[in-house]
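Each chain, written out:
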Amino acid sequence: MTLALYVPVASPVHRAPAGLKLALLTGLGAGLFLIERLDVVVGALVAVAVVALAAARLPLRALVAQVRPVWPWLAVLLVFHLVVTDWRTGTLAVTRLLALVLAAAVVTATTRVTALVAVVEWLVRPLGVFGVRPARVGLVIAMTLRFVPLIAERAQRIREAQAARGATGMRLGMLVPLLVQVLRLAATLGEALDARGADAPVSPRDRRAGAPAP
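The following paragraphs examine the structure supplied in this document.

Cut-offs applied
- What you see as residue numbers is a count from 1 along each chain, following the sequence as written.
- The predicted nature of this model means local features are confined to residues of pLDDT at least 70 and side-chain atom pairs, given and counted, to a pLDDT of 80 or more, with totals for whole chains, interfaces and linings taken over all residues.
- As a rule here, side-chain values come from all non-hydrogen atoms in the structure, and water together with hydrogens is ignored.
- Helix and strand labels come from DSSP, where a helix needs a run of H or I of at least four residues and a strand needs a run of E of at least two; each type is numbered from the N terminus.
- Between two residues, a contact is recorded if the distance between any of their heavy atoms is within 4.5 Å.
- Note on definitions: salt bridges are taken to be side-chain nitrogens of Lys or Arg within 4 Å of carboxyl oxygens of Asp or Glu.
- Categorising residues by exposure relies on relative accessible area from a 1.4 Å probe, with only protein chains included: less than 20% of the type maximum marks a residue as buried, more than 50% marks it as exposed, and the intermediate range marks it as partly exposed.
- Take the number of residues in a helix, subtract one, and multiply by 1.5 Å to get its expected span.
- Note that the arc is defined by the directions from the helix axis to the C-beta atoms.
- Each patch groups residues whose relative accessible area exceeds 30% and which form no salt bridge, using 9 Å between like charges and 5 Å between nonpolar side chains of Val, Leu, Ile, Met, Phe, Trp and Tyr.
- Note on areas: these come from Shrake-Rupley sampling with a 1.4 Å probe, and a residue is covered only by the protein chains present in the view.
- Computed over the protein atoms alone on a 1 Å grid, cavities are sets of points where a 1.4 Å probe fits but cannot get out and pockets are open sets with protein on both sides within 12 Å along at least five of seven lines; a residue lines them when it has an atom within 4 Å of a point.
- Grid points are joined across faces, edges and corners, and a volume is the space filled by probe spheres set on the points.
- The residue classification treats Ala, Val, Leu, Ile, Met, Phe, Trp, Tyr, Cys and Pro as nonpolar and Asp, Glu, Lys and Arg as charged. All others, Gly included, are polar.
- Here, axes are lines fitted to C-alpha atoms. For helices the fit covers the stretch in contact, and angles between N-to-C directions go from 0 to 180 degrees.
- Orientation categories follow fixed angle ranges, with anything under 35 degrees roughly parallel, anything over 145 roughly antiparallel, 65 to 115 roughly perpendicular, and all other angles oblique.
- By the criterion applied in these results, polar contacts are pairs of N or O atoms within 3.5 Å in which, for protein atoms, one can donate a hydrogen and the other can accept it, and in which residues neighboring in sequence qualify only through two side-chain atoms.
- Whether a crossing is left-handed or right-handed is set by the direction in which the near helix is turned from the far one by less than a right angle, anticlockwise for left-handed and clockwise for right-handed.

We now examine the side chain of T95. You can see T95 is positioned in helix α6 (residues 87-110). Every residue in contact with T95, bar those within four places of it in the chain, is listed here: L38, V41, V42 and L45.

Below you can see the structure in the form of structure tokens.
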């Protein structure tokens, strides 16, 4: 079963163009790392949370599920700054990343993968004259967005199976079967792409047109 990041809810954020949401996400990311005031960064985090829960009408559990994987890294980052720098620098760094991750979660939860891929392909289309294949770039983005929840689901299944046998925690015994499953999945996907000619060379005409054939 492939889990989707998109949460089908009727809201103004869902109806907004994908390009606009990606542009706002990019601007937010640049602004967060240019601002050094902790109160402004915290305000940005609160604003993103309000947009997610009120404007986008996303369920809290769905939002938490998308943000949960980064909590350990944020904790490690905070501890690192507490040891190396000071609490304010650590809090500022963690709040910046949390706001950005939450904003990215809002974008992926309110935008279909096809819309995101279409925007990316449109952005890289001018590079077609240099041999860049927009369709291939879009395929990479689409597979990344699809595989992240899929791999998380596989990890959860392995964790539950090992817990039923008495094993607990993140251990090497869980990472090895997960790696095996990911490699098998990648091999199967690679064979499917080869069968469809995904690695076929680009003709000069398609390169000049900027829209290479798949």
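Attention now goes to the pattern of salt bridges. Pairs can form between side chains of opposite charge whenever their charged atoms are close. Inspection of the entire model under this criterion finds two salt bridges. With a closest N to O distance of 2.7 Å, R37 and D39 form a salt bridge. Residue classification places D39 among the partly exposed residues on the basis of a relative accessible area of 47%.

All right, on to helix α2 (residues 18-34) then. With 17 residues, α2 should reach 24 Å at 1.5 Å per residue; the first-to-last C-alpha distance of 25 Å fits that figure. Among all positions of α2, only A18, K21, L25, G29 and L32 are buried. The buried residues of α2 occupy an angular sector of 75° when projected down its axis, which confines them to one face. Opposite the packed face of α2, turned more than 90 degrees from it, sit the exposed residues L24, T26 and L34. Turning to α2, the residues buried within the fold contact α1 (12-15), α3 (38-55), α6 and α7 (113-124).

In this section: a nonpolar patch on the surface. The grouping of L78, V79, F80, L82, V83, V84 and W87 at the surface amounts to a nonpolar patch, some 720 Å² of accessible area in total. Per-element tally for the nonpolar patch: the top contributor is helix α5 (residues 71-84), with six residues. Tracing the backbone shows V83 in helix α5. Residue class for V83 comes out exposed when judged on its relative accessible area of 67%.

As a further point, take empty space enclosed by the protein. Remark: the empty space left among the atoms is shown by a probe the size of a water molecule rolled over them. Scanning the model with the defined rule gives one cavity of 30 Å³ or more in all. Taken as a whole, the largest cavity spans an internal volume of roughly 30 Å³. Taken together, L150, I151, R154, Q181, V182 and L185 form the lining of the largest cavity. Its residues assigned to classes, the lining of the largest cavity shows four nonpolar, one polar and one charged.

To continue, consider the packing of α2 against α7. Put simply, α2 and α7 touch, their axes get as near as 9 Å, and they point 75° apart. With respect to α7, the axis of α2 lies roughly perpendicular. Contact residues: α2 offers A18, G19 and L22, while α7 offers A115, L116 and V119. Residue composition of the contact of α2 with α7, by class: five nonpolar, one polar and no charged.

By the secondary structure assignment, P12 is in helix α1. Spatially, the C-alpha atom of P12 lies 9.1 Å from that of R57, the residues being 45 residues apart in sequence.

We now examine unusual backbone geometry. The backbone of R57 sits at a positive phi, close to 55°, despite the residue not being glycine. As for its placement among the helices and strands, R57 is situated in the loop between α3 and α4 (60-67).

Right, let's talk about the side chain of K21 for a bit. Along the chain, K21 falls in helix α2. Of the polar contacts made by the side chain of K21, one reaches the backbone oxygen of T110; its length is 3.0 Å. Setting aside chain neighbours within four positions, we find K21 in contact with V13, H14, A16, V107, T110 and T111.

The interhelical angle for the contact between α5 and α6, taken along N-to-C directions, is 160°, at an axis separation of 7 Å. Comparing their axes, α6 and α5 come out roughly antiparallel. Here α5 and α6 pass one another in a crossing that is right-handed. Contacts from W71, L74, L77, L78, H81 and L82 of α5 reach α6 at W87, T89, G90, T91, A93, V94, L97 and L98. In terms of residue class, the contact of α5 with α6 is built from ten nonpolar, four polar and no charged.

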